[in-house]
Amino acid sequence: MKTTNQGPDVVFDELMHALEQVDPVEGVTPIDVLDLPDPLGRVFGHLVRKGWMTSVDLAAEMGLQEYQARQVAELMVRKGFLLKEARDDENQPATRPPVYRPYFVRMRKRDITL
């Protein structure tokens, strides 16, 4: 998603605005991913291809500052798109940044009235 003509603040604002418009879910299906608006779809696509990313990885991929990428990732966790996993070193707890993984589900429960 690296953009050269937009600064990190513009990209960050676009991502946060897009995320705020998306309803919270409990995991995503492949169909949900296809329906994500840009720039969210591109960010999620990078996560799917890699399998996981730290906020540092996300920042590099999105052209953001690390603290901005962390805010985007945390909001994606709260919205139900990502899972956050600690990667603590046994000898030095809390020294490694957490990783963010796509939160996939097979099917979402649907309320169908007959």
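Being a predicted model, the structure only gives us computed values, none of them experimental.

## Points about the overall build of the chain
- The number of helices and strands found in the chain is five helices and two strands.
- Counting helices and strands in the order they occur from the N terminus, the chain gives α-α-α-α-α-β-β.
- When burial is assessed residue by residue, the chain has 39% of its 114 residues classed as buried.
- Here the analysis covers contacts within the chain between residues at least 6 apart in sequence; of these, 61% occur between residues at least 24 apart.
- Of the accessible surface of the chain, which amounts to about 7400 Å², a share of 51% is contributed by carbon and sulfur atoms.

## Section: the environment of Pro 102
- Topologically, Pro 102 is positioned in strand E2 (residues 99-102).
- Overall, Pro 102 belongs to the buried group, its relative accessible area being 15%.
- Linking Pro 102 and Leu 47, residues 55 residues apart in sequence, is a C-alpha distance of 6.6 Å.
- In contact with Pro 102, other than residues within four places in its own chain, are Phe 44, Leu 47, Val 48, Gly 51, Phe 81 and Leu 82.

## Examining the environment of Ala 18
- In this structure, Ala 18 sits in helix H1 (residues 8-21).
- Its relative accessible area of 9% is what places Ala 18 among the buried residues.
- Remark: the alpha-carbon pair of Ala 18 and Pro 39, spanning 21 residues in sequence, is separated by 7.6 Å.
- Residue contacts for Ala 18: discarding those within four places in its chain leaves Pro 39 and Leu 40.

## Describing helix H3 (residues 40-50)
- Three or more residues of H3 are buried, namely Leu 40, Gly 41, Val 43, Phe 44, Gly 45, His 46 and Leu 47.
- Structurally, H3 contributes buried residues whose contacts are with H1, helix H2 (30-35), helix H4 (55-62), helix H5 (66-78), strand E1 (82-85) and E2.

## Description of the nonpolar core
- In this structure, Leu 15, Phe 44, Leu 58, Leu 64, Val 72 and Met 76 are the most contacted members of the largest nonpolar core, which totals 27 residues.
- Listing elements by their share of this core, those giving two or more residues are H1, H3, H4 and H5.
- In terms of residue count, H1 provides more of this core than any other element does, six residues in total.

## Some words on the packing of H4 against H5
- Running from amino to carboxyl end, H4 crosses H5 at an angle of 105°, the nearest separation of the two axes being 8 Å. Considering their axes alone, H4 and H5 lie roughly perpendicular with respect to each other. Each of Ser 55, Val 56, Leu 58, Ala 59 and Met 62 in H4 lies in contact with H5, whose residues at this interface are Glu 66, Ala 69, Arg 70 and Ala 73.
- Split into classes, the residues belonging to the contact of H4 with H5 amount to six nonpolar, one polar and two charged.

## Things to note about the pattern of salt bridges
- Summed over the entire model, instances satisfying the criterion amount to four salt bridges.
- A salt bridge links Asp 57 to Lys 50; the shortest N-O distance between them is 3.5 Å.

## Topic: H1
- Helix length check: H1 (14 residues) gives 20 Å between terminal C-alpha atoms against 20 Å at 1.5 Å per residue, within 8%.
- Taken together, the buried positions of H1 are occupied by Val 11, Phe 12, Leu 15, Met 16, Ala 18 and Leu 19. All buried residues of H1 project into a common sector of 165° when viewed along the axis, lining one side. Turned more than 90 degrees from where H1 packs its buried face, Glu 20 and Gln 21 sit exposed.
- Contact partners of the buried residues in H1: H3, H4 and H5.

The rules behind the values
Throughout, a residue's number is its position along its own chain's written sequence, starting from 1. At least 70 in pLDDT is required for a residue's local features to be given in this predicted model, at least 80 for side-chain atom pairs to be given and counted, and no such filter applies to totals for whole chains, interfaces and linings, which use all residues. Water and hydrogen atoms were dropped before computing side-chain values, which therefore reflect all heavy atoms in the structure. For helices the rule is a DSSP run of H or I covering at least 4 residues; for strands it is a run of E covering at least 2, with both sets numbered from the N terminus onward. Here's how the labels work: a residue is buried when its accessible area is under 20% of the maximum for its type, exposed when over 50%, partly exposed in between, all with a 1.4 Å probe on protein chains only. Two residues form a contact once any of their heavy atoms are found within 4.5 Å. Under the convention used here, a 1.4 Å probe and the Shrake-Rupley method define accessible areas, while residue burial counts only the protein chains that appear. What is meant by a nonpolar core is a set of buried Ala, Val, Leu, Ile, Met, Phe, Trp, Tyr and Cys residues, joined one to another through side-chain atoms within 4.5 Å. Axis lines are fitted to C-alpha atoms, over the contacting stretch for helices. Their N-to-C directions set the angle, which ranges from 0 to 180 degrees. When an angle is under 35 degrees it counts as roughly parallel; over 145 it counts as roughly antiparallel; between 65 and 115 it counts as roughly perpendicular; any other value is oblique. Throughout this entry, Asp, Glu, Lys and Arg are counted as charged residues, while Ala, Val, Leu, Ile, Met, Phe, Trp, Tyr, Cys and Pro are counted as nonpolar. The remaining residues, Gly among them, count as polar. Salt bridges are defined as contacts in which a side-chain nitrogen from Lys or Arg sits within 4 Å of a carboxyl oxygen from Asp or Glu. What a helix is expected to span follows from its residue count: subtract one and scale by 1.5 Å. Taking the helix axis as origin, the arc is that swept by the directions to the C-beta atoms.

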